[in-house]
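Observations on the model geometry
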Amino acid sequence: MGCLLVPARSISRLVRKIEVDAVFRTGRKAVTGAMVLFLLKNNVQPAAAVRYAIRVPKKYGTAVERNRVKRIFREAISLYGKSWMGYDMVVFPRPQVKGAKMQDIAAYLQEAFSGVTGRGTQERS
RNA sequence: GGAGCGGGACAGGUGGCUGCUCCCUGUUAAUACAGGGGGAGGAAAGUCCGAGCUCCGCAGGGCAAGGUGGUCGCUAACGGCGACUGGGGGUGACCCUAAGGAAAGUGCCACAGAAAAUAGACCGCCUGACGGUGUUGUCAGGUAAGGGUGAAACGGCGAGGUAAGAGCUCACCGCUCCGGCGGUGACGUCGGAGGCACGGCAAACCCCACCUGGAGCAAGAUCGAAUAGGGGGACGUAAAGGGGAGUAAUCCUCUUGAUAGAGUGGCCCGCUCAAUGUCCCCGGGUCAGAUCGCUAGAGCCGUAUGGCAACAUCCGGUCGAGAGAAAUGGUCGCCACUGGAAGUUACCGGAACAGAACUCGGCUUAUGGCCCACUCCAGCA
RNA sequence: GCGGGAGUAGCGCAGUGGUAGCGUAGGAGCUUCCCAAGCUCUUGGUCGCGGGUUCGAAUCCCGUCUCCCGCU
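Description of the structure in this document. No experiment lies behind these values; they were computed from the predicted model shown. (Residues numbered from 1 in each chain as written. Chains lettered and ligands numbered in written order. Predicted model: local features only at pLDDT ≥ 70, side-chain atom pairs only at ≥ 80, totals over all residues. Heavy atoms only, no water.)

**Remarks on the sheet that holds strand 5 (residues 87–93)**
The strand order across the open sheet formed by five strands is 1-4-5-3-2, and the pairing between neighbours is mixed. Each having just a single partner strand, strand 1 (11–13) and strand 2 (28–31) make up the two edges of the open sheet. On average, adjacent strands in this sheet sit at an angle of 25 degrees to one another, irrespective of strand direction. For strand 2 and strand 3 (residues 35–41), the ladder comprises four bridges, and the chain directions are antiparallel. When the sheet's bridge partners are listed, Val 31 is paired in strand 3 with Val 36. Along the sheet, helix 2 (residues 63–80) contacts strand 1, strand 3, strand 4 (50–54) and strand 5; its crossing angle with strand 4, the most-contacted strand, is approximately 170 degrees. Those strands touched by helix 3 (residues 102–117) are strand 2, strand 3 and strand 5, and its axis lies near 50 degrees from that of strand 3. (Pairing = 2+ DSSP bridges. Helix = DSSP H or I, 4+ residues; strand = E, 2+ residues; numbered from the N terminus. Axes fitted to C-alpha atoms, helices over the stretch in contact; angles between N-to-C directions. Contact = heavy atoms within 4.5 Å.)

**Focus on the packing of aromatic side chains**
Applying the stated criterion across every chain, the model contains two aromatic pairs. Plain terms: the ring middles of Phe 38 and Phe 92 are 6.5 Å apart, the flat faces sit at 70 degrees to each other, and that makes the pair edge-to-face. Here Phe 38, found in strand 3, pairs with Phe 92, found in strand 5; they are 54 residues apart in sequence, far enough to count as distant. Judged by relative accessible area, which is 7%, Phe 38 ranks as buried. A cation over a ring is seen here: Lys 98 above Tyr 60, with NZ or CZ 5.3 Å from the ring centre. (Phe/Tyr/Trp six-rings, centres within 6.5 Å; stacked < 30°, edge-to-face > 60°. Buried < 20%, exposed > 50% of the residue type's maximum accessible area, 1.4 Å probe, protein only. Lys NZ or Arg CZ within 6 Å of the ring centre and 35° of its normal.)

Take it as geometry only, folks, not as evidence of what the structure does.
See the structure below:
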């Protein structure tokens with residue numbers, strides 16, 4: 001990277017375990033009925049990028065249900081993710097969101113996101 | 001109509017808009033973009049078996065360990081499948097069956113009961129002797145028919161026979177042995193003889209027959225960057241010994257003693273290794289590096305032939321996912337199915353089990369409605 | 001992907017073919033001025049579930065479910 005003419009994708013996955021753990025340790029946390037959300041300001045190039053990871057524990061349900069919830073969250077982030085650029089996020093869906101539609105999930109995400117950013121800027125250590 | 005039994009195919013369809021991944025074509029230095037095409041299952045699941053493939057290795061002979069167990073076939077193979085036999089269950093369609101050996105040996109059979117396996121005799125029955133004279137007691141002997149216990153009692157039932165009884169004798173049944181016939185065979189059937197001997201458990205140890213080298217695609221192969229191309233120690237030709245059974249592992253016993261090179265992933269024989277060896281300790285073991293393996297295969301569909309069938313063969317057609325923290329989606333309509341519901345419309349819902357990870361053959365489990373054949377019961381004609 | 005283990009009373013465990021037990025917890029009583037401790041009595045079980053072998057299964061065999069652990 002480093003070539004300014006080539007914009008990286010504005011929405012990408014958080015893949016590396018170190019980066020996910022960094023969001024865990026130092027990010028801010030929001031708990032709603034639908035999910036647990038961790039947020040951390042990133043400093044990747046370009047500045048307006050969002051990176052995300054979705055973690056679904058095995059206790060959530062069968063492989064079909066886990067795949068399903070990941071797809072719906074991924075779709076919601078790719079459609080509405082431009083409104084929370086500049087953050088790394090890690091999402092834990094909770095079992096209450098089984099059967100929800102994509103629009104509901106997007107609304108839940110927006111609610112959780114504003115719950116974090118509206119509450120001040122103190123970082124956890 | 002109800003209940004049941006066996007089998008088969010399927011796994012909602014279709015159209016906008018918009019994503020993901022792989023392949024092909026075109027433009028392009030590359031990134032990228034455009035067009036076209038493919039994109040979960042009958043169980044993808046559990047990982048219970050069997051194979052292919054790969055590496056380690058050499059697998060040769062045995063011991064041990066594990067598995068399988070009616071017969072004949074099918075299959076690459078199997079603990080799978082088909083047909084048949086024996087046994088069991090069901091009124092029936094049909095279903096279940098680890099179904100070799102108990103006279104090779106060892107072990108177990110609680111409680112109850114006299115006795116639980118070289119038979120034996122509690123209550124009884126019968127005969128004789130003695131005491132007593134009504135009813136019986138003791139001793140000696142003969143019995144195993146009857147009683148009672150138990151899951152199971154040393155053939156069953158009936159008749160003859162007898163003091164009472166008894167395969168003691170006879171008929172039938174069972175059992176064992178012999179022979180004939182049918183069948184490739186398991187086995188069936190017929191005849192004769194014996195005169196009852198041989199209780200059950202082998203999903204108890206075991207015996208017999210057959211099978212099994214180990215690990216697994218995170219196998220393994222190639223390439224790159226970075227780092228290191230290391231340090232220390234042990235082993236040094238092979239080693240416990242004697243006696244008995246055995247080729248040996250192994251078992252029994254005595255003594256010394258604290259060790260015996262490594263591999264053959266339990267052990268022995270055998271085999272391989274002479275330092276560029278083997279083992280141990282410290283250090284290192286990172287970039288979730290890239291590519292291949294990676295999907296055309298014991299493949300699928302159709303016809304014909306052989307076979308009761310499983311299946312096999314000929315011919316023709318066909319290509320149907322290949323990701324990498326892991327794609328195969330999201331959303332909005334319409335039409336079918338179905339519930340609220342009792343009639344149409346409108347409205348609100350529901351729509352099973354479940355997600356590929358090297359690939360096949362099975363088994364098992366989960367699960368939705370549909371179709372076909374058959375059985376039993378009830379009603380009507 | 002591969003391998004191992006467990007499931008028995010509310011809890012922790014024993015029981016390897018023959019009436020399912022121990023500790024603790026619960027209940028009642030004794031003791032004490034009262035409590036604790038102690039003593040006596042007592043309640044409580046589909047032995048995870050479904051089949052099979054056996055006269056008889058928590059135990060043996062097969063299938064299945066849940067939980068835990070290890071290797072790479």
